[in-house]
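Overview (structure and organization)
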Amino acid sequence: MMNLLFICGSNGIGKTTICKEIIRKLPYSAYVDSDPCRLMNPFILDDETIPTIAKNISDLIINYIDCPVIETVVFSYGFHGRRREVFEKVMQAVSKRDFNFIPFLLTCSEKENIKRMDMDNRSLERKQRAVEKSRKAFEDIPYPPIDITDFSASKAAENIIKEAGLSLSVED
């Protein structure tokens, strides 16, 4: 059965980096990154744009779910602000397909989260927003947590693949 491996976590925690490692290590997988699905100038997340953004994301996920070569679709997302509404619309659209939903919540210490955002050259404003708001947006998420404070992206990817019950590629 098709797997939808869902990775969520606060801003700057390393979701994109880790997901890229997952698809590198996991054969017959594809990664759906929401960032290109919401590139607009100016970026507006409101009642008018949420349906479009959700459709962009869900269409990509559905296309990979329908692809006979792909066994696992990896999808990462954050829940701060109105983004949870987008996620709910995405999941409503993709729920019409048959797949095994495997969610994980990435966590790390606040100090490590800031360190990762520093390495990513995030602005002070974005770092403050992540610490003050984004991290709190995950306090009620019931998905299994994986603390990646002391993990490299490669080690985090291996741990997620193992916890999901999936198999690494032969070369790893």
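These lines cover the structure that appears in this document, whether it is placed above or below. This is a predicted model, so every value here is computed, not measured.

Along the protein chain, the regular secondary structure elements total six helices and five strands. Each helix and strand of the protein chain, placed in order from N terminus to C terminus, yields the pattern β-α-β-α-β-α-β-α-α-β-α. In terms of overall size, the protein chain behaves like a compact globule, its C-alpha atoms giving a radius of gyration of 16 Å where 172 residues would be expected to give roughly 16 Å. C-alpha atoms of the protein chain, sized along the principal axes, occupy 45 × 40 × 30 Å. Within the protein chain, residue pairs in contact and separated by at least 24 positions form 80% of the contacts whose partners lie at least 6 positions apart.

Inspection of the secondary structure puts Arg83 in helix H3 (residues 83–94). Buried and without a salt bridge, Arg83 has Asp35 as its closest oppositely charged side chain, separated by 5.1 Å. Residues in contact with Arg83, not counting those within four places in the same chain, are Ser34, Arg38, Leu45, Tyr77 and Gly78.

Across all of its chains, the model carries 10 aromatic pairs by this definition. Taken together, the ring pairs connect Phe6, Phe75, Tyr77, Phe79, Phe87, Phe101, Phe138 and Tyr143 into an aromatic cluster. One Lys or Arg, Arg38, reaches over the ring of Phe43 and ends 5.7 Å from the middle of that ring. The ring of Tyr77 carries Arg83 above its face, with NZ or CZ at 4.4 Å from the centroid.

Here the focus is the pattern of salt bridges. The tally for this structure, following the rule as stated, stands at 13 salt bridges. The partner of Lys25 in a salt bridge is Glu158, with the nearest N and O atoms 3.1 Å apart. Of this pair, Lys25 sits in helix H1 (residues 15–25) while Glu158 sits in helix H6 (residues 153–163), and the two are 133 residues apart along the sequence. Take Lys25: its relative accessible area is 2%, and that puts it in the buried class. The residue Asp118 makes a salt bridge to Lys127 at a minimum N-O spacing of 2.4 Å. For Asp118, a relative accessible area of 38% corresponds to the partly exposed category.

The next thing to look at is the sheet that holds strand E4 (residues 100–107). The strands making up a sheet associate through backbone hydrogen bonding, with each pair oriented either parallel or antiparallel. Read across the sheet, five strands follow the order E2-E3-E1-E4-E5 without closing on themselves; strand pairing throughout is parallel. A strand with exactly one partner marks an edge of an open sheet, and here the two such strands are strand E2 (29–33) and strand E5 (145–147). Ignoring which end each strand starts from, the neighbouring axes of this sheet average 25° apart. Bridge count between strand E1 (residues 3–9) and E4: seven bridges; the pairing is parallel. If you follow Gly9 over to E4, its bridge partner there is Leu106.

Procedures and definitions
- Residues numbered from 1 in each chain as written.
- Predicted model: local features only at pLDDT ≥ 70, side-chain atom pairs only at ≥ 80, totals over all residues.
- Heavy atoms only, no water.
- Helix = DSSP H or I, 4+ residues; strand = E, 2+ residues; numbered from the N terminus.
- Rg over C-alpha atoms; globule rule 2.2 N^0.38 Å.
- Contact = heavy atoms within 4.5 Å.
- Buried < 20%, exposed > 50% of the residue type's maximum accessible area, 1.4 Å probe, protein only.
- Lys, Arg positive; Asp, Glu negative; His and termini not counted.
- Salt bridge = Lys/Arg side-chain N within 4 Å of Asp/Glu carboxyl O.
- Phe/Tyr/Trp six-rings, centres within 6.5 Å; stacked < 30°, edge-to-face > 60°.
- Lys NZ or Arg CZ within 6 Å of the ring centre and 35° of its normal.
- Pairing = 2+ DSSP bridges.
- Axes fitted to C-alpha atoms, helices over the stretch in contact; angles between N-to-C directions.

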